[in-house]
Amino acid sequence: MNIMDVLQQSGGIGTMAKELGINESVAQAGAAALLPAILGGFKKTTQAQPSGLDGLGGLLGQMGGGGLLDSVLGTQPTPVNQGNEVLGQIFGSKEVSRTVAAGAEQQTGISSDLLKKMLPVVAMMVAGYMAKQGGDNSGSGGGLGGLIGGLLGGGSQNASGGLGGLGSLLDLDGDGNPLDDIIGMAGKLVR
């Protein structure tokens, strides 16, 4: 199951659509366009942590852990400031967030203003989901390691030969290697 399916089934996409007063299909298209950059940001953050995935797990915990996803799914309005903190951690600046929104606008035709409102909510859902998955550190390849492992360790970590999970989501050109796509995306962000 890819992360877009998870966000859909958890009710996160529907909740975001209601809060922003938009159609659920628009919310889904916007989230799908924003996810690669958000996941790429988490990957970059993981690589920057001295302790890799453990460091990312600690960072997710400091940012609110699984509670981030619960905050989106709860009955209260989503505390977007927490999402902006997540974006600050993974992108480093508001300029990158604006660039990501502009790129997603070109891809989807959804206004960048609306995408900028979606960005912190989608980031919270992804961070919260990863934190909840990361709670299981017992099995090798389980938890956060398994979730991001395909991304960090190259394509062939899955027994089936497929990437699965985040890796397949980030493998935009379907060549079995998500890293070239992330690097290409990052290159566009820097320009």
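Novice: Can you break down the pattern of salt bridges residue by residue, with the values?
Specialist: Tallied over the entire structure, the rule returns three salt bridges. Of the charged contacts in the structure, one is a salt bridge between Glu 95 and Arg 98, with a shortest N-O distance of 3.1 Å. Of this pair, Glu 95 and Arg 98 both sit in helix H7 (residues 94-108), three residues apart, which is roughly one turn of the helix. In this structure Glu 95 comes out as partly exposed when scored by relative accessible area, which is 48%. Lys 116 is the partner of Asp 113 in a salt bridge, and the nearest nitrogen-oxygen pair spans 3.9 Å.

Novice: Give a description of helix H1 (residues 3-10) that names residues and reports values.
Specialist: Within H1, burial applies to Ile 3, Met 4, Val 6 and Leu 7. Down the axis of H1, the buried side of the element spans an arc of 160°, and every buried residue falls inside it. Positive backbone phi, approximately 95°, marks Gly 11, located one or two places after H1.

Novice: Can you lay out the confidence of the model for the protein chain for me, pointing to particular residues and giving the numbers?
Specialist: When the pLDDT values of the protein chain are averaged, the result is 76; 68% of them are 70 or greater. Mean pLDDT across the secondary structure elements of the protein chain bottoms out at helix H10 (residues 165-170), with 44, and peaks at helix H2 (residues 12-20), with 95. The low-confidence segment residues 136-142 (pLDDT under 50) makes three contacts with residues lying over four places distant or belonging to another chain.

Novice: Please give an account of the nonpolar core that cites residues and values.
Specialist: By size, the foremost hydrophobic cluster in this structure holds 46 residues, and its most contacted members are Met 16, Leu 34, Ile 38, Phe 42, Val 122, Met 125 and Val 126. Elements with a minimum of two residues in this core: H1, H2, helix H3 (24-48), helix H4 (52-63), helix H5 (67-73), helix H6 (80-91), H7 and helix H8 (112-134). Top element by residues in this core is H8. It accounts for 14 residues. Not counting residues up to four positions away in its chain, the partners in contact with Met 125 are Leu 7, Gly 12, Ile 13, Met 16, Leu 69 and Val 72.

Novice: Outline the packing of H7 against H8, listing residues and values.
Specialist: As a packed pair, H7 and H8 sit with axes 9 Å apart at the nearest point and diverge in direction by 125°. Between H7 and H8, the crossing angle belongs to the class labelled oblique. The crossing of H7 and H8 is right-handed. Judged by residue contacts, Ser 97, Arg 98, Val 100, Ala 101, Ala 102, Ala 104, Glu 105 and Thr 108 of H7 engage Ser 112, Leu 115, Lys 116 and Leu 119 from H8.

Novice: An account of H6 is needed here, citing residue identities and associated values.
Specialist: Between its first and last C-alpha, H6 extends 16 Å over 12 residues, near the 16 Å set by a 1.5 Å rise per residue. Just downstream of H6 lies Gly 92, where phi reads positive at about 85°.

Novice: Before we move on, can you summarise the environment of Glu 85 with the specific residues and values?
Specialist: Checked against the element boundaries, Glu 85 lands in helix H6. Measuring from C-alpha to C-alpha, the distance between Glu 85 and Met 124 comes to 9.2 Å, with 39 residues separating the pair along the chain.

Novice: Any chance you could break down the environment of Ala 29 for me, citing the residues and the numbers?
Specialist: Residue position: Ala 29 is located in helix H3. Residue classification places Ala 29 among the partly exposed positions, given a relative accessible area of 33%. In contact with Ala 29, other than residues within four places in its own chain, are Thr 108 and Ile 110.

Novice: Hey, could you go over the side chain of Thr 78 for me, with residue numbers and the actual values?
Specialist: One can find Thr 78 in the loop between H5 and H6. Of the polar contacts made by the side chain of Thr 78, one reaches the side chain of Glu 19; its length is 2.8 Å. Aside from chain neighbours lying at most four places away, what touches Thr 78 is Glu 19, Ser 71, Val 72, Val 121 and Met 124.

The rules behind the values
Residues numbered from 1 in each chain as written. Predicted model: local features only at pLDDT ≥ 70, side-chain atom pairs only at ≥ 80, totals over all residues. Heavy atoms only, no water. Salt bridge = Lys/Arg side-chain N within 4 Å of Asp/Glu carboxyl O. Helix = DSSP H or I, 4+ residues; strand = E, 2+ residues; numbered from the N terminus. Buried < 20%, exposed > 50% of the residue type's maximum accessible area, 1.4 Å probe, protein only. Arc of directions from axis to C-beta. pLDDT = per-residue confidence, 0-100. Contact = heavy atoms within 4.5 Å. Core = buried A, V, L, I, M, F, W, Y, C linked by side-chain atoms within 4.5 Å. Axes fitted to C-alpha atoms, helices over the stretch in contact; angles between N-to-C directions. Parallel < 35°, antiparallel > 145°, perpendicular 65-115°, else oblique. Left-handed = near helix turned anticlockwise from the far one by under 90°. Expected span 1.5 Å × (residues − 1). Polar contact = N/O pair within 3.5 Å; in protein donor to acceptor, adjacent residues only side chain to side chain.

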